[in-house]
Amino acid sequence: MEIKLEIVHEDEQLIVINKPAGLLVHRTKIARDVQEFALQLLRDQVGYQVFPIHRLDRKTSGILLFTKQKEFVHPFQLVLQDQKTQKRYIAIVRGYFPESITVDHPLINDEGKKQDALTQFNLLKHTEVPLAFGKFNTSRYSLIEAFPQSGRMHQIRKHLNHLRHPIIGDRPHGCNKQNALFLKEYGLKKMLLHAESIHFSHPFTDKIIEVKAALPAHFNQTISDLNL
């Protein structure tokens, strides 16, 4: 089945899509068996070459930026690194999350190098459902928003695991038992992390751009299932 990508913003230099969960941005050595990529699908859909500005985890849905010419990539990358640029993510996590917390916790990259990483988290809503887990008759979850101030790989996922509030559906940074519970009870196979919006100054027009990407069906269904 051919995937038609949702384009949520377009101008002379930029195309922004709402990437589905499970779709890789581009070809990679760790997924040699994968045949479809956001880069290839968008190129075929619009009829010309496009260039990714940043990465989004395969399991994460939401905002993904491409340029229409290779020389446009670097100016947009500089903007994404600007402290004034704001990226908002939505997630569902295990447990009752605090009202607000800033995590300043360094992460180790694939090369073993320690990197500074800062994320601001805010609670949106708590829920408690009659779902037995372990020695408890009910289960607690939270709908939260995240604002990463740095761009480390799996930063939000790792920071939430560090807080012991892992994202539902996350592997390997989540809770395998919770993931198994959601698969059994709700048929959920995807991770509940979504890049919901981005706010930045366009490097070519100086206009403030705010782009939003609607939550995918599996995320909305889980919100309904948990009464969030």
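To be clear, the structure that these remarks concern was listed above.
Within each chain, residue numbers correspond to sequence positions counted from 1 in written order. For a predicted model such as this one, the threshold for reporting local features is a pLDDT of at least 70, and the threshold for listing and counting side-chain atom pairs is 80 or more; totals across whole chains, interfaces and linings nevertheless cover every residue. With hydrogens and water set aside, each side-chain value is computed from the structure's full complement of heavy atoms.

Secondary structure elements follow DSSP: runs of H or I of four or more residues count as helices, runs of E of two or more count as strands, with numbering from the N terminus. Check the secondary structure of the chain and you find 5 helices and 12 strands. We compute the radius of gyration over the C-alpha atoms and compare it with the globule rule, which gives 2.2 Å times the number of residues raised to the power 0.38. Relative to its length of 228 residues, the chain is compact, with a C-alpha radius of gyration of 18 Å against a globular reference of 17 Å. Looking at the 228 residues of the chain, the share that counts as buried comes to 46%. Here the analysis covers contacts within the chain between residues at least 6 apart in sequence; of these, 63% occur between residues at least 24 apart. With residues, only the protein chains shown are counted as cover, and all accessible areas are computed by Shrake-Rupley using a 1.4 Å probe. For the chain, the accessible surface area stands at approximately 12600 Å², while carbon and sulfur atoms represent 48% of it. The rule is simple: take the accessible area with a 1.4 Å probe, protein chains only, and divide by the maximum for that residue type; under 20% is buried, over 50% is exposed, in between is partly exposed. Contacts are assigned to residue pairs that have any heavy atoms within 4.5 Å of one another.

Here the focus is the environment of T85. Note that T85 resides in the loop between α2 (73–81) and β5 (86–94). Of the residues examined, T85 reaches a relative accessible area of 11% and is grouped as buried. Sequence spacing of T85 and I208 is 123 residues, and the spatial spacing of their C-alpha atoms is 9.8 Å. Setting aside residues up to four positions removed in sequence, T85 forms contacts with V79, L80, I198, H199 and F200. In terms of polar contacts, T85 uses its side chain to reach the backbone carbonyl oxygen of V79, at 2.6 Å. Any pair of N or O atoms that falls within 3.5 Å is considered a polar contact. Within protein, one atom must be able to donate a hydrogen and the other to accept it, and sequence-neighbouring residues count only if both atoms are side-chain atoms.

We now examine the packing of aromatic side chains. By convention, a stacked pair of Phe, Tyr or Trp rings (six-membered ring in the case of Trp) has centres within 6.5 Å and planes under 30 degrees apart, an edge-to-face pair has planes over 60 apart, and any other such pair is tilted. Under the criterion given, the structure shown has 6 aromatic pairs. Ring geometry for F76 and F200: centres 6.5 Å apart, planes at 75°, overall edge-to-face. Pair noted here: F76 is in helix α2 and F200 is in strand β11 (residues 193–201), with a separation of 124 residues, a long-range link. Its relative accessible area of 1% is what places F76 among the buried residues. A relative accessible area of 1% means that F200 is categorised as buried. With a centroid separation of 5.8 Å and 45° between ring planes, the pair formed by F76 and F204 is classed as tilted. Linking F76 in helix α2 with F204 in the loop between β11 and β12 (208–212), this pair joins segments that are 128 residues apart in sequence. Taking relative accessible area as the criterion, F204 reaches 37% and is therefore assigned partly exposed. Counting every residue linked through ring pairs, the aromatic cluster contains F72, F76, F200 and F204.

What follows is about helix α5 (residues 217–225). Restricting attention to buried positions, one finds in α5 the residues H218, F219, T222 and I223. End-on, the buried residues of α5 take up no more than an arc of 140°, which puts them together on one face. Seen from the buried face of α5, the exposed residues on the opposite side, beyond 90 degrees, are A217 and S224. Tucked into the core, α5 has its buried residues touching β5, β10 (139–148), α4 (176–186) and β11. Positioned one or two residues after α5, N227 has a phi angle of 60°, which is positive. Working definition: the arc comes from the directions between the helix axis and the C-beta atoms, pointing outward to the latter.

As a rule of thumb, non-glycine residues mostly have phi less than zero, and peptide bonds are mostly trans rather than cis. Look at the link from R171 to P172: it is a cis peptide, with omega at 10°. Residue position: P172 is located in the loop between α3 (155–162) and α4. The backbone of R164 shows a phi angle near 65°, a positive value even though the residue is not glycine. One can find R164 in the loop between α3 and α4. Assessed through its relative accessible area of 67%, R164 is described here as exposed.

Another aspect to go through is the pairing of β11. Across the 9 residues of β11, 7 count as buried, placing the element largely inside the fold. DSSP bridges decide pairing: two strands pair if at least two such bridges lie between them. As judged from the 2 bridges shared by strand β4 (residues 61–67) and β11, these two strands associate in the parallel manner. The partner of S61 across the bridge, within β11, is H194. The pairing of β5 with β11 spans 6 bridges and is classified as antiparallel. Residue pairing for β11: R88 is matched across the bridge by S197. As defined by bridge partners, β11 adjoins β12 across 5 bridges and the pair is classed as antiparallel. Looking at β12, one finds that F200 is bridged to I209. Count of turn residues in the β11/β12 antiparallel hairpin: 6 residues, of which D206 carries a positive phi of about 65°.

Shape descriptors only; they carry no functional weight alone.
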